[in-house]
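Report on the structure
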Amino acid sequence: MPTFAAVDIGSNSVRLKIARLVSGRLRTILEDRSVTRLGASVFRDGFLSPDAIAETVKVLRRFHRTVQQEAVDSVRVLATSALRDARNSRAFLEWVRSATGWKVEIISGLEEARLIHLGLVSGLRIAASPALMVDLGGGSCELTISSKGHIRETASLPLGAVRLTNEFLRHDPPRKPELRRLRGFIGREIGRVEERITRSRPKVVIATSGTAESLAAIAKGLDKSKGKQVAAVSRVQVRRIAKMLGRRPVDERRKLAGVGPRRAEIIVAGAEVYAQLLEQYRLSGFRYSPLGLRDGILAQMVADHAAHSVKRIESERWDSIQAAVQHYRVDMPHALKVRESALGLFAALKSVHRLPTEYQEWLSAAAMLYEVGDYVNRNGRHRHAYYIISHSEILGYTPQQRRIIAAIARYLGKSHPAATDGPIKILATPDRECVRKASMLLRMARAVNLGRGNAVKKTRVRVRDSGVEIGLTPRPRASVDLELWALEKEKTYFREVFGRELSAAAV
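Below you will find a few notes about this structure. What you are looking at is a predicted structure, and each value in this text was computed from that prediction instead of being measured. (Residues numbered from 1 in each chain as written. Predicted model: local features only at pLDDT ≥ 70, side-chain atom pairs only at ≥ 80, totals over all residues. Heavy atoms only, no water.)

Considerations on the overall build of the protein
Along the protein, the regular secondary structure elements total 23 helices and 14 strands. The C-alpha atoms of the protein give 26 Å as radius of gyration, which agrees with the globular expectation for 507 residues (23 Å, within 12%). The dimensions of the protein, computed from C-alpha atoms along their principal axes, are 80 × 45 × 45 Å. For the protein, the proportion of its 507 residues judged to be buried stands at 54%. For the protein, the accessible area works out to roughly 23,300 Å², and carbon and sulfur atoms hold 47% of it. Measuring between centres, the 86 positive side-chain charges of the protein sit 3 Å from its 52 negative side-chain charges. (Helix = DSSP H or I, 4+ residues; strand = E, 2+ residues; numbered from the N terminus. Rg over C-alpha atoms; globule rule 2.2 N^0.38 Å. Buried < 20%, exposed > 50% of the residue type's maximum accessible area, 1.4 Å probe, protein only. Areas by Shrake-Rupley, 256 points an atom, 1.4 Å probe, with all protein chains shown as cover. Lys, Arg positive; Asp, Glu negative; His and termini not counted. Charge placed at Lys NZ, Arg CZ, Asp CG, Glu CD.)

A short note on the pairing of strand β1 (residues 3-9)
The buried count for β1 comes to 7 of 7 residues, which makes it a mostly enclosed element. Residues T3, A5, V7 and I9 line one face of β1 and the alternating positions F4, A6 and D8 line the opposite face, and both faces are buried. As paired elements, β1 and strand β4 (residues 74-79) share 6 bridges and run parallel to each other. Across the sheet, I9 pairs through a bridge with A79, a residue of β4. (Pairing = 2+ DSSP bridges.)

Re the nonpolar core
Residues I9, F92, L132, L143, L245 and F286 are the most contacted members of the largest nonpolar core, which totals 78 residues. If you tally residues by element for this core, the top one is helix α12 (residues 267-280), at 9 residues. Residues L349, M368, Y386 and L484 belong to the second largest nonpolar core, which totals 64 residues. (Core = buried A, V, L, I, M, F, W, Y, C linked by side-chain atoms within 4.5 Å.)

Examining unusual backbone geometry
In this model, D172 is joined to P173 through a cis peptide bond whose omega is -5°. Within the secondary structure layout, P173 lies in the loop between α6 (161-168) and α7 (176-192). Even without being glycine, R37 reaches a positive phi, approximately 55°. Tracing the backbone shows R37 in the loop between β3 (25-35) and α1 (42-45).

Details of the sheet that holds strand β13 (residues 467-474)
Spatially, 3 strands are ordered β12-β13-β14 in an open sheet, and the strand pairing comes out mixed. Bordering the open sheet on either side are β12 (456-463) and β14 (501-506), each of which pairs with just one other strand. Ignoring strand direction, the axes of neighbouring strands in this sheet form an average angle of 15°. Where β13 meets β14, 6 bridges bridge the pair, whose relative direction is parallel. Note on β14: the bridge partner recorded for L472 is A506. (Axes fitted to C-alpha atoms, helices over the stretch in contact; angles between N-to-C directions.)

Section: the packing of aromatic side chains
For the structure shown, the criterion picks out 5 aromatic pairs. When the ring of Y274 is compared with that of F286, the centres are 5.1 Å apart and the planes differ by 40°; the resulting orientation is tilted. Highlighted residues: Y274 in helix α12 and F286 in strand β11 (residues 285-288), separated in sequence by 12 residues. Given the relative accessible area of 2%, Y274 is considered buried. (Phe/Tyr/Trp six-rings, centres within 6.5 Å; stacked < 30°, edge-to-face > 60°.)

Comments concerning the pattern of salt bridges
In total, this model carries 29 salt bridges according to the counting rule given. Measuring nitrogen to oxygen at the nearest pair gives 3.7 Å for the salt bridge that ties D172 to R253. Residue D172 is located in the loop between α6 and α7, and its partner R253 is located in helix α11 (residues 250-254); the two are separated by 81 residues in the primary sequence. What makes D172 partly exposed here is its relative accessible area of 44%. Residue R253 is classed as buried on the basis of its relative accessible area, which comes to 5%. What you see here is one network of salt bridges that share partners, running through R37, D251, R254, R262 and E265. (Salt bridge = Lys/Arg side-chain N within 4 Å of Asp/Glu carboxyl O.)

Quick look at a positive patch on the surface
Taken together, R170, K176, R180, R181, K243 and R247 make up a surface patch of like positive charges. Mapped by element, the contributors of at least two residues to the positive patch are α7 and α10 (235-247). The greatest single-element share of the positive patch, amounting to 3 residues, is contributed by α7. Checked against the element boundaries, R247 lands in helix α10. Overall, R247 belongs to the exposed group, its relative accessible area being 63%. (Patch = residues over 30% accessible without salt bridge, like charges linked within 9 Å, V, L, I, M, F, W, Y side chains within 5 Å.)

A look at the sheet that holds β1
Strand order in the open sheet formed by 5 strands is β3-β2-β1-β4-β5, with mixed pairing between adjacent strands. Each edge of the sheet is formed by a strand with only one pairing partner; in this case those strands are β3 and β5 (104-106). Neighbour to neighbour, the strand axes of the sheet diverge by 20° on average, direction disregarded.

Some details on the pairing of β13
Note that β12 and β13 share 7 bridges and pair antiparallel. If you follow R460 over to β13, its bridge partner there is G471. What sits between β12 and β13 in their antiparallel hairpin is a turn of 3 residues.

Given below as structure tokens:
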């Protein structure tokens, strides 16, 4: 029964969740949370303050002791908006690593949205579809349209409660001009993605995180007729609560049921975001869920751990890759043929390349995406492809995995991977040689499909003691001369990478 821990370093608070995998399901063992306001100074001057860093590291040390006491098998530590924006984030990462040994991953806003979506669909039955999922944190607000368990739209907006409070609300209670400026900014940011969200016509809105929890608790307290369960909060209720909060000083806000002492300091801005979002998108209200980023991290860890749990992750990756292929106007049929050839070569040459199993997935993705650089310019297209793949939001892949995929796709021209190259230097040492081998396989797959006329009916691979023989069977009335010429050009580099001779012939 493996035990997993997820740590979420947010702009407002730091959270820990530990769960054990029992009979294929995660069972929560422990949850912990502490408000550290790590992002407060970032949204003001661009830097993490020494006090906020020290307080956050102190909490992480406590979490580290808890993780050790619970004999956790695997830990994943993610950071979101504050670390994305901070100019001195590297110093924080080094301090955390020195204090706990943990390597912190800074994820993008869209990856954050993907993990939140994964946490919700993994632990919540969503009857209506499509659904709009809203996660409002300290630094950003993630919006996700989900339909039948699949992500259809994602957006990350700079509408975090801490960020907005620092930027717009300088008095207690806020003054009317401050609230007007705040509402104007929220309206503009929400308007940027309004068409994408409204055209999906969400039938239900699911809200996560602390602000939504507090608003639901306040609504329950104001409506005495409701039972013990926190019901959905209507748009009218949210607007009424937002107006009420904006008129009260922080001491009075702290006395409201469901609003903690620290939440009271930032809830005015958070409530305004929800009020504006529901009104502008013409939504009836939201339903609060306690699930969120930590649950998505845990679900991802389980999927990475157990082979039978990876279907949802693979589906998200494939949907995202297809979307990228369409967006960058890549020839989809050709990309699928190259992918098929690459996977065939990966399987047939296992005894030659001896790559880790996960490289089959990275090679597959690179085969689909290696032509995205043409969208920018055919001159330097391989460099453009590397930049696009490593920086694009291809859901389901970590930044390091995207860099590996990008590096595999990078070296399909005259240049070969070298230890001094930027795309290779930033990889872990074991991955450098693996990328070299995987890139060679992709070069061969492209060569087999170079003519784009579907001339090759079948590819046969034979591994001999001294070399590898590739036989190409042409389709009726088709010629494979171009493909054989392309494979001939790869012979020297194949020998350099694998230490074997490569030969190719029509059969």
